[in-house]
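Residue-level listing of the chains:
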Amino acid sequence: MTPSLYTVKKKIAESHDTFSLDLAPRDGSPLITFQPGQFNMLYAFGVGEVPISISGPAPGTSGLIHTIREVGNVTRALHQLKKGATLGLRGPFGSSWPIEEARGKDVVIIAGGIGLAPLRPVIYKLLEQRNQFGNIALLYGTREPNDLLFTKEFEIWRGKYGIQVKITVDTADSNWRGNVGVVTTSIARVSFEPAHTIAMICGPEIMMRYAVLEMKRRGVSEDHIYMTMERNMKCAIGFCGHCQFGPAFICKDGPVFRYDKVKHFFGIREI
Amino acid sequence: MTEKKIIDREGLNQLIKVLLDMGFQVAGPTLRDEAIVYENIQSIKDLPEGWTDEQDGGIYRLKKRSDKALFGYVVGPHSWKKFLHPPERRLWKATLNESDFEIIPEESDPRKFAFLGVRSCELHAIAIQDKVFLEGNHKDPSYQLRRENAFFIAVHCGQAGGTCFCVSMNTGPRAESGFDLALTEVIHDNDHYFVVETGSDRGMDVIKKIPNRKAEAREVEHADSKIAEATAQMGRVLDTTNIKELLYQNLEHPQWDDIANRCLSCANCTMVCPTCFCSTVEDVTDITGDHAERWQKWDSCFTMDFSHLHGGEVRTSTKSRYRQWMTHKLASWQDQFGSSGCVGCGRCITWCPVAIDFTEEVPKICGSENSNTAVTKENEAPHENS
Ligand SMILES: Cc1cc2nc3c(=O)[nH]c(=O)nc-3n(C[C@H](O)[C@H](O)[C@H](O)COP(=O)(O)OP(=O)(O)OC[C@H]3O[C@@H](n4cnc5c(N)ncnc54)[C@H](O)[C@@H]3O)c2cc1C
Ligand code: SF4
Ligand code: SF4
Ligand code: FES
């Protein structure tokens, strides 16, 4: 339960409230290996420890990168860390996105807000072996245009790899030339073969509900839909009880779940 | 099972002394603030001689007995988890040096505990916590150390309390395993003695150091009939047939609202429950800001903070928190750890200020006349949850 010490190698501003920390072990030991979708517990000295997904690899970073939205005490303290500063890290923890199951199939990735961060490593995994997957679509929605993350990477994903990238924002002023609406509306605008599609969904619960409904309506079976759950986490190793979601401990059975395995509980308020 | 022995009151005193001399910190039942609680003891003088407890929903009362029994009561507000999984402990310290810092792990706790008077339901509760802290992918080394060092002297219950239902949960009243020594207290005519069973080599070594003799068949019979009396006396009953499925099917049952109208969300039930393991952490710094510590503390699913997310708490209603508690104990625990999370000790019933009672509520929620249909609301419009 004791964190290892890591150094901030690079700090990247991603949007007005979101930044990335690229980390490496302070003692120079090799980077931990992880699967896309897994997370680490990051500790800011004296303030606290929070679960943050690994958001890389991404071009120009060492590989252990975390993209963080500043929302409260700990994320604020992490934001204040400068290049070279030390932080604590425990991990990686949790389940991962179903890359193997997706091989040979179409892949639809639906992300809302900061939810794109834990999905970015999936995208890079798919790109590594682009020809092993069918159509790939990324549907990404945020509240406003200035909340969008990783925008520079979209063009490469589109142009070089032929990924269908559809961006939507909830609200925008007249300078925005893209789509306005909820992210699920763009599902109709991408092509995939529902019977041979794996869907990976990460975002606010409300958005994931609509996304699951829509994918099911399009004929994607429940056991081909994967999504993440978020709950308070204090330990990440099954001891503190905080992350329970029905019978699941999100820290060890999740955060990535196959929809049919949790749907009984996903439908219930305040579970 | 090896042959049973007899020790008398002085023998029990010797047993405590031998364990103290072996370096154990001996903890046992003792009287404090009008309740029988578990604290360090030095001799049988510290035990609640001649006392018994009366328990019912929301009621705990001590009463004088007509005899000098040392274990003539059932379980009180404490459980052994306060020693094995302490209410608070420091996990580590850290010191800051500009923008760098060092973490100093906590040294391991050198104490070895001997627990005297552990009831069967409590041994089961400890085995259940072992699954949480020792049998998953991660082990809690500090729990492991305390657990492996501990010496267990069980006491088979010779009477049951008003809120006990260990027979329903298959966890008592006779301790079957998990002890080093097990005692049955017998008071018969003018005799007062303990029938001793050994459950481990360590137990055997210890019993050799105190005056004892072989038990006679008659004495063993007296002991067995005491335990049979307790079995017949259970204050409560809980039908656990299909309880997991029934609770899962009834997550939106109106009875949850009825309970929520009474529940104070005070967290007493989770604090007294011997299997509840939840904890939180607190990060503290000193006045200079250069020294930080991380503490682990018991937490309860009845607090608002428990389900805090930056968008708001997940379980804001008392209904949802009570539902978490009961479905965790009786249903999801089975999926998580392969057994019920309830050992039928009755503490949550006794210590509930408004006498909410599992054994009354479960039949209302799971009873056939009320069980409603599927709960998955897939076809309804999605709603915001957090
Ligand atoms: C598996 C998982 C992966 C996550 N990945 C990311 C990510 O990649 N990027 C990102 O920006 N955020 C991520 N989050 C959310 C992030 O953990 C919270 O935003 C963060 O804990 C907020 O802490 P705070 O102290 O700044 O906020 P406060 O609201 O001040 O939080 C106080 C305390 O509550 C707890 N808490 C609050 N919100 C959450 C939450 N959403 N989840 C868990 N605990 C919470 C924390 O223990 C925190 O210390 C993830 C959450 C989970 C469960
Ligand atoms: S739920 Fe109640 S009866 Fe069951 S073990 Fe916990 S305190 Fe005892
Ligand atoms: S979630 Fe509640 S009922 Fe379950 S172990 Fe934690 S405190 Fe006890
Ligand atoms: S975060 Fe502590 S049990 Fe999952």
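Keep in mind it's a predicted model, so treat the numbers as computed, not measured. (Residues numbered from 1 in each chain as written. Chains lettered and ligands numbered in written order. Predicted model: local features only at pLDDT ≥ 70, side-chain atom pairs only at ≥ 80, totals over all residues. Heavy atoms only, no water.)

Observations regarding the overall build of chain B
Rules: Put simply, DSSP marks the helices as runs of H or I at least four residues long and the strands as runs of E at least two long, and each gets a number from the N terminus on. Here the globule rule reads 2.2 Å times residues to the power 0.38, and the radius of gyration is calculated from C-alpha atoms. Residue burial is assigned from relative accessible area. The probe radius is 1.4 Å, only protein chains are included, and a residue is buried under 20% of its type maximum, exposed over 50%, and partly exposed in between. The contact definition used throughout considers only heavy atoms, calling two residues in contact when any of these lie within 4.5 Å. In these tables, accessible area is a Shrake-Rupley quantity obtained with a 1.4 Å probe, and a residue counts as shielded only by the protein chains included in the view.
Each helix and strand counted, chain B has 13 helices and 16 strands in total. Its C-alpha atoms give chain B a radius of gyration of 23 Å, near enough to 21 Å, the size a compact globule of 386 residues would have. When its C-alpha atoms are laid out on the principal axes, chain B stretches across 70 × 65 × 35 Å. Going through the 386 residues of chain B one by one, you find that 54% of them count as buried. Taking as baseline every contact in chain B between residues at least 6 positions apart, the subset at least 24 positions apart corresponds to 71%. Taken as a whole, chain B presents about 16700 Å² of accessible surface, with 47% of it coming from carbon and sulfur.

A few points about the sheet that holds strand β3 (residues 39–44) of chain A
Residues and elements named next belong to chain A. Here is the rule we go by: Two strands make a pair as long as DSSP finds a minimum of two bridges between them. Axis lines are fitted through C-alpha atoms, for helices just across the contact stretch, and the angle between N-to-C directions can take any value from 0 to 180 degrees.
As summarised here, the arrangement of the 6 strands in space is β4-β3-β6-β1-β2-β5, forming an open sheet in which the pairing is antiparallel. The open sheet has two edge strands, β4 (48–53) and β5 (65–69), and neither has a second partner. If you compare each strand with its neighbour and ignore which way they point, the axes differ by 40° on average.

Quick look at the site of ligand 3
As a reminder of what qualifies: Distances are taken per atom, and a residue is near a molecule or strand as soon as one of its heavy atoms is within 4 Å of it.
Lining the immediate surroundings of ligand 3 are Gln-244 of chain A together with Thr-270, Cys-276, Phe-277, Cys-278, Cys-301, Gln-324, Trp-325, His-328, Lys-329 and Trp-333 of chain B. The environment around ligand 3 is built from residues contributed by chains A and B. Top contributing element to the shell around ligand 3 by residue count: helix α11 (residues 318–337) of chain B, with 5 residues.

Focus: the site of ligand 2
In the neighbourhood of ligand 2, 13 residues make up the surrounding shell, with Cys-273, Cys-342, Cys-345, Gly-346 and Cys-348 of chain B lying closest. Of all elements in the fold, only α11 and α12 (347–350) of chain B reach the threshold of two or more residues within the shell around ligand 2.

Side note on the domain arrangement of chain A
Residue and element names in this part refer to chain A. The condition that has to hold: For the domains described, the bounds stem from an automatic or database domain assignment. Accessible area that two parts lose when put together, with a 1.4 Å probe and added across both, is what the buried area reports.
Each assigned domain of chain A is listed here: domain 1 (4–93) and domain 2 (99–228). Placing a centre on the C-alpha atoms of domain 1 and another on those of domain 2 gives a separation of 24 Å. Each partner contributes to the interface: domain 1 provides 17 residues, whereas domain 2 provides 15 residues. For the pair domain 1 and domain 2, the summed buried area comes to about 1200 Å², and 62% of that belongs to carbon and sulfur atoms. Per-residue buried area on domain 1 facing domain 2 is highest for His-16, Pro-36 and Ser-55; these three make up 33% of the total on that side.

So, the sheet that holds strand β8 (residues 136–142) of chain A
All names here are of chain A. Across the sheet, which stays open at both edges, the 7 strands sit in the order β10-β9-β8-β7-β11-β12-β15 with mixed pairing between neighbours. Looking at strand neighbours, the two that pair on one side only are β10 (179–180) and β15 (256–258), the edges of this open sheet. The sheet contact formed by strand β11 (residues 197–202) and strand β12 (residues 225–228) spans 3 bridges and is parallel. Bridging from a neighbouring strand, Met-200 pairs with Tyr-226 of β12. Strand contacts of helix α4 (residues 151–161): β8 and β9 (164–169), with the helix running at about 145° to β9, the strand carrying the most contacts. Across the sheet, helix α6 (residues 259–266) lies against β12 and β15, angled at about 95° from β15, the strand it touches most.

What to know about the interface of chain A and chain B
Condition: For the purposes of these results, a polar contact is taken to be a pair of N or O atoms within 3.5 Å, where, inside protein, one atom must be able to donate a hydrogen and its partner to accept one; residues adjacent in sequence count only when each atom of the pair is a side-chain atom.
With 50 residues of chain A at the contact, the number on the chain B side is 62 residues. Carbon and sulfur atoms make up 57% of the surface buried where chain A meets chain B, a total of about 4800 Å² over both sides. If you sort the residues of chain A by the area they bury against chain B, Phe-45, Phe-239 and Glu-270 of chain A come out on top, with a joint share of 18%. Counting across the chain A and chain B interface gives 22 residue pairs in polar contact (both at pLDDT 80 or more).

Examining helix α3 (residues 120–133) of chain B
Residue and element names in this part refer to chain B. Quick note on the threshold: Helix span, as expected, comes to 1.5 Å for every residue beyond the first.
Here α3 spans 20 Å end to end across 14 residues, near enough to the 20 Å set by a 1.5 Å rise per residue. The buried fraction of α3 is high, at 11 of 14 residues. If you check which residues of α3 are buried, you get Ser-120, Cys-121, Glu-122, Leu-123, Ala-125, Ile-126, Ile-128, Gln-129, Asp-130, Val-132 and Phe-133.

What about α4 of chain A?
All names here are of chain A. Put simply, the test is: The directions considered for the arc run from the helix axis to the C-beta atoms.
Residues Glu-153, Phe-154 and Trp-157 constitute the buried set of α4. Buried residues of α4, viewed axially, fall in a sector of 115°; they line one side. Exposed side of α4, more than 90 degrees from the buried face: Lys-152, Glu-155, Gly-159 and Lys-160 are the residues found there. Of the surrounding secondary structure, the elements contacted by the buried residues of α4 are α3 (120–128), β8 and β9.

As for the nonpolar core
Rules: The set of buried Ala, Val, Leu, Ile, Met, Phe, Trp, Tyr and Cys residues whose side-chain atoms join them within 4.5 Å is what this entry labels a nonpolar core.
With 102 residues, the main nonpolar core has Ile-110 of chain A together with Phe-115, Tyr-322, Trp-325, Met-326 and Leu-330 of chain B as its most contacted residues. Not counting residues within four places of it along the chain, the set of residues in contact with Phe-115 of chain B comprises Ala-27, Trp-80, Phe-83, Leu-84, Ala-150, Phe-151, Phe-152 and Ile-153 of chain B. Grouped together as the second largest cluster of nonpolar side chains are 32 residues, Ile-109, Val-122, Ile-136 and Met-200 of chain A included.

Points about the pattern of salt bridges
Selection criterion: A side-chain nitrogen of Lys or Arg and a carboxyl oxygen of Asp or Glu constitute a salt bridge if their distance falls within 4 Å.
Under the criterion given, the structure shown has 44 salt bridges over all chains. Here Lys-216 of chain A makes a salt bridge to Glu-222 of chain A, at a shortest N to O gap of 2.9 Å. Classification of Glu-222 of chain A as buried rests on a relative accessible area of 18%. Where salt bridges share partners, they join Glu-49 and Arg-90 of chain A together with Asp-283 and Arg-294 of chain B into one cluster.

Things to note about the domain arrangement of chain B
Residues and elements named next belong to chain B. Per the domain assignment, the segments making up chain B are domain 1 (5–232) and domain 2 (243–385). For domain 1 versus domain 2, the distance between C-alpha centres works out to 27 Å. Listed as interface residues are 41 residues of domain 1 and, on the opposing side, 37 residues of domain 2. Both sides of the domain 1 and domain 2 interface together cover about 3400 Å² of buried area, and 61% of this is carbon and sulfur. Three residues stand out in domain 1 for area buried against domain 2, namely Lys-81, Ile-128 and Phe-165, and they jointly supply 17% of the buried area on that side. Between domain 1 and domain 2 we count 2 salt bridges in total.

So, the pairing of β5 of chain A
Residue and element names in this part refer to chain A. Burial analysis of β5 places 4 of its 5 residues in the buried class, which makes it a mostly covered element. Of the pairings in the sheet, the one linking strand β2 (residues 18–25) to β5 comprises 5 bridges and is antiparallel in character. Within the sheet, the bridge partner assigned to Ser-20 lies in β5 and is Thr-67.

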